[in-house]
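Spelled out, the chains give:
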Amino acid sequence: MNDTMLSAILDAMEDGVVVFDLEGTALLCNDAAYGLLHKKPGAIRTIADLPGEVHPFFEGVRSGSTEAVELFGEAVRLRYQDVTENGLRTGAVLILSDLGEQQRAERMRREFTANVSHELKTPLTSISGYAEMIENGMARDEDIRLFAERIRRESNRMRSLVSDIITLSELDERALYGQAEPVDLYTLAEEAVETLKSAAMLRGVSVQLSGGPTLVKGVRELLSELIYNLLDNAIRYNRDNGTVSVRTAGRTLSVRDTGIGIPRHHQNRIFERFYRVDKSRSKATGGTGLGLAIVKHITQQHHAELTLKSAEGIGTEITVTFPENE
Ligand code: ADP
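A few points on the structure. Each chain has its residues counted from 1, following the order in which its sequence is written. Residues qualify for local features only when their pLDDT is at least 70, as the model is predicted, and side-chain atom pairs are given and counted only at 80 or more; totals for whole chains, interfaces and linings, by contrast, use all residues. To get the side-chain values, all heavy atoms of the structure are used, and hydrogens and water are removed first.

### Topic: the pattern of salt bridges
And step 1. Here, a salt bridge means any side-chain nitrogen of Lys or Arg that lies within 4 Å of a carboxyl oxygen of Asp or Glu. On inspection of all chains with the given rule, the structure shows 16 salt bridges.
And step 2. The closest approach of N and O atoms between arginine 153 and glutamate 149, which form a salt bridge, is 4.0 Å. Of this pair, arginine 153 and glutamate 149 both sit in helix α5 (residues 141-173), 4 residues apart, which is roughly one turn of the helix.
And step 3. Close ionic contact of arginine 273 with aspartate 172 constitutes a salt bridge, the shortest N to O distance being 3.1 Å. One end of the pair, arginine 273, is in the loop between β10 (252-257) and α9 (279-284); the other, aspartate 172, is in helix α5, with 101 residues separating them in the sequence.
And step 4. Assessed through its relative accessible area of 26%, arginine 273 is described here as partly exposed.
And step 5. Residue classification places aspartate 172 among the partly exposed positions, given a relative accessible area of 41%.
And step 6. Shared partners join several salt bridges into a network, and the residues in it are Glu119, Arg276, Lys279 and Lys283. A run of DSSP states H or I qualifies as a helix once it reaches four residues; a run of E qualifies as a strand once it reaches two. Both are numbered from the N-terminal end. Exposed residues in this analysis have more than 50% of their type's maximum accessible area, buried residues have under 20%, and partly exposed residues fall in between, with area computed by a 1.4 Å probe over protein chains only.

Below, the structure is given as structure tokens:
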């Protein structure tokens, strides 16, 4: 392999690589290393040209040592390796890996686990509390029916939560888009309207479906879940006797309501897991805080685009636009 090939390979790598000789002169340095070290190409000639944050790593360093450091606000893992020829040490390699994305993902996973435990514990505590009162004879006869109803409500909440968590973890684990087929959004919307008819009636909310057959390439159950979640929210966050308009046309699906709306400063956060504008309203109406996170995930798997328009006290419209040639 010649030098041109070697430097093409090194420059295509995501990890930064710097090779030094025994005097500390840099023999080569790839593009990723210059990027991570915030140096212009050619600006690393010796070990002394490395940023100050890296210097302590070299004190007493041994081949194979690794350490995570913060470089210009990003977490970077350093790895040091001796270069040997015929058993003799002739130089050293410094490898730099960007940990930014990895660490962010790790933090999100930890937060999600903590939230899940909390969300599951709350209904469980109520369930066992009511059951205990009945068991110990502390509930009067007239309370028993009420307690049973609360136990049922909290159990339903746990069931929805567990089912949403399973959906999310399946979406995280597998690229379900592999099972895509032509799907008509209008038919799925009709089914969702039918399923949520009684929930809408209870609130006096009228649901209108318009547009026509809208064929997209997608995974039927996921798209059905997406429409259900949007419609369910449009009903739950509506005002009494409000309206919901579902429309499928071209490559788009939109769900518009005349509900409470979403304050501007919450708008870019409501697609996060467990983020709610009003926790008590969400819980009182059977929300899990995961519906829109699922919607976002499904949209991404379909390479579709999600737009939100909302005004407080006026209503909300969420539109999903599918790609043209899929
Ligand atoms: P939840 O189960 O709490 O409804 P979602 O993930 O579906 O969870 O939605 C997150 C939050 O976004 C909700 O708690 C609510 O505050 C807000 N939200 C979602 N849809 C609407 C809507 N159509 N109108 C007003 N607020 C909404």
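### Regarding a negative patch on the surface
And step 1. Within the patch definition used here, like charges are joined within 9 Å and nonpolar side chains (Val, Leu, Ile, Met, Phe, Trp, Tyr) within 5 Å, considering only residues with over 30% relative accessible area and no salt bridge. Under the convention used here, a 1.4 Å probe and the Shrake-Rupley method define accessible areas, while residue burial counts only the protein chains that appear. The sign given to each residue is positive for Lys and Arg and negative for Asp and Glu; His and the chain ends receive no count. Taken as the charge location is NZ of Lys, CZ of Arg, CG of Asp or CD of Glu. Taken together, the side chains of Glu14, Glu53, Glu70, Glu74 and Asp98 present a region of like negative charge at the surface.
And step 2. Here glutamate 14 lies in the loop between α1 (3-12) and β1 (16-21).

### Structural notes on the site of the ligand
And step 1. We call a residue near a given molecule or strand whenever any one of its heavy atoms falls within 4 Å of it. As a matter of local geometry, the ligand sits amid 20 residues, with Arg236, Tyr237, Ser282, Thr288 and Gly289 nearest to it.
And step 2. Asparagine 233 is positioned with one of its side-chain polar atoms (N or O) 2.8 Å from an oxygen atom of the ligand.
And step 3. Within the contact set of the ligand, an oxygen atom lies 2.8 Å away from a backbone nitrogen or oxygen of leucine 292.
And step 4. If the ligand stood free it would expose 530 Å²; the protein chains cover 97% of that surface.
And step 5. Among the elements of the structure, α8 (220-236) and α10 (291-301) are those that each provide at least two residues to the shell around the ligand.
And step 6. When the residues that make up the shell around the ligand are grouped by side-chain class, the tally is 8 nonpolar, 8 polar and 4 charged. Distance and chemistry together define a polar contact, namely a pair of N or O atoms within 3.5 Å, with one atom able to donate a hydrogen and the other to accept it when in protein, and with adjacent residues in sequence counting only for side-chain atoms on both sides. Think of it as three bins: nonpolar holds Ala, Val, Leu, Ile, Met, Phe, Trp, Tyr, Cys and Pro, charged holds Asp, Glu, Lys and Arg, and polar takes everything else, Gly as well.

### So, a nonpolar patch on the surface
And step 1. On the surface, a cluster of nonpolar side chains totalling about 430 Å² of accessible area is made up of Met1, Met5, Leu6 and Ile9.
And step 2. Tracing the backbone shows isoleucine 9 in helix α1.

### Focus on the sheet that holds strand β5 (residues 88-98)
And step 1. Strands qualify as paired when DSSP identifies two bridges or more between them. Pairing within the open sheet is antiparallel, and its 5 strands lie in the order β2-β1-β5-β4-β3. Since the sheet does not close on itself, it has two edges, and those belong to β2 (26-29) and β3 (66-71), each with one partner. Pairs of neighbouring strands in the sheet enclose a mean axial angle of 25 degrees, with direction left out of account.
And step 2. Across 3 bridges, the pairing between β1 and β2 is antiparallel. What sits directly across from valine 19, in β2, is leucine 28. Axis lines are fitted through C-alpha atoms, for helices just across the contact stretch, and the angle between N-to-C directions can take any value from 0 to 180 degrees.

### Here we look at the packing of aromatic side chains
And step 1. Pairing of aromatic side chains requires ring centres within 6.5 Å, counting the rings of Phe and Tyr and the six-membered ring of Trp. Pairs whose planes differ by under 30 degrees are stacked, by over 60 edge-to-face, and all others tilted. All told, the structure shown has 5 aromatic pairs when counted by the stated rule.
And step 2. Seen from their ring centres, phenylalanine 58 and tyrosine 80 are 6.1 Å apart, and the 80 degrees between their planes marks the pair as edge-to-face. Of this pair, phenylalanine 58 sits in helix α3 (residues 55-58) while tyrosine 80 sits in strand β4 (residues 74-85), and the two are 22 residues apart along the sequence.
And step 3. Both rings, one in tyrosine 130 and one in phenylalanine 147, keep their centres 5.0 Å apart while their planes meet at 40 degrees; by these two values the pair is tilted. Of this pair, tyrosine 130 sits in helix α4 (residues 100-135) while phenylalanine 147 sits in helix α5, and the two are 17 residues apart along the sequence.
And step 4. Among the aromatic side chains, those forming a connected cluster through ring pairs are Phe20, Phe57, Phe58 and Tyr80.
And step 5. It is arginine 273 that lies over the ring of phenylalanine 112; its NZ or CZ is 5.0 Å from the centre. Note on criteria: charge over ring means Lys NZ or Arg CZ within 6 Å of the ring centre, with the direction from the centre no more than 35 degrees off the ring normal.

### Comments concerning α4
And step 1. Look at α4: 52 Å from first C-alpha to last across 36 residues, which is about the 52 Å you get at 1.5 Å a residue.
And step 2. Listing the buried residues of α4 in full gives Gly100, Phe112, Val116, Glu119, Pro123, Ile127 and Tyr130.
And step 3. It only takes one pair of heavy atoms within 4.5 Å for two residues to be counted as in contact. Where the residues of α4 are buried, they touch β4, β5, α5 and α9.
And step 4. Trailing α4 by a residue or two, glycine 137 shows a phi angle of about 70 degrees, which is positive. In this scheme, a helix's expected span is set at 1.5 Å multiplied by one less than its residue total.

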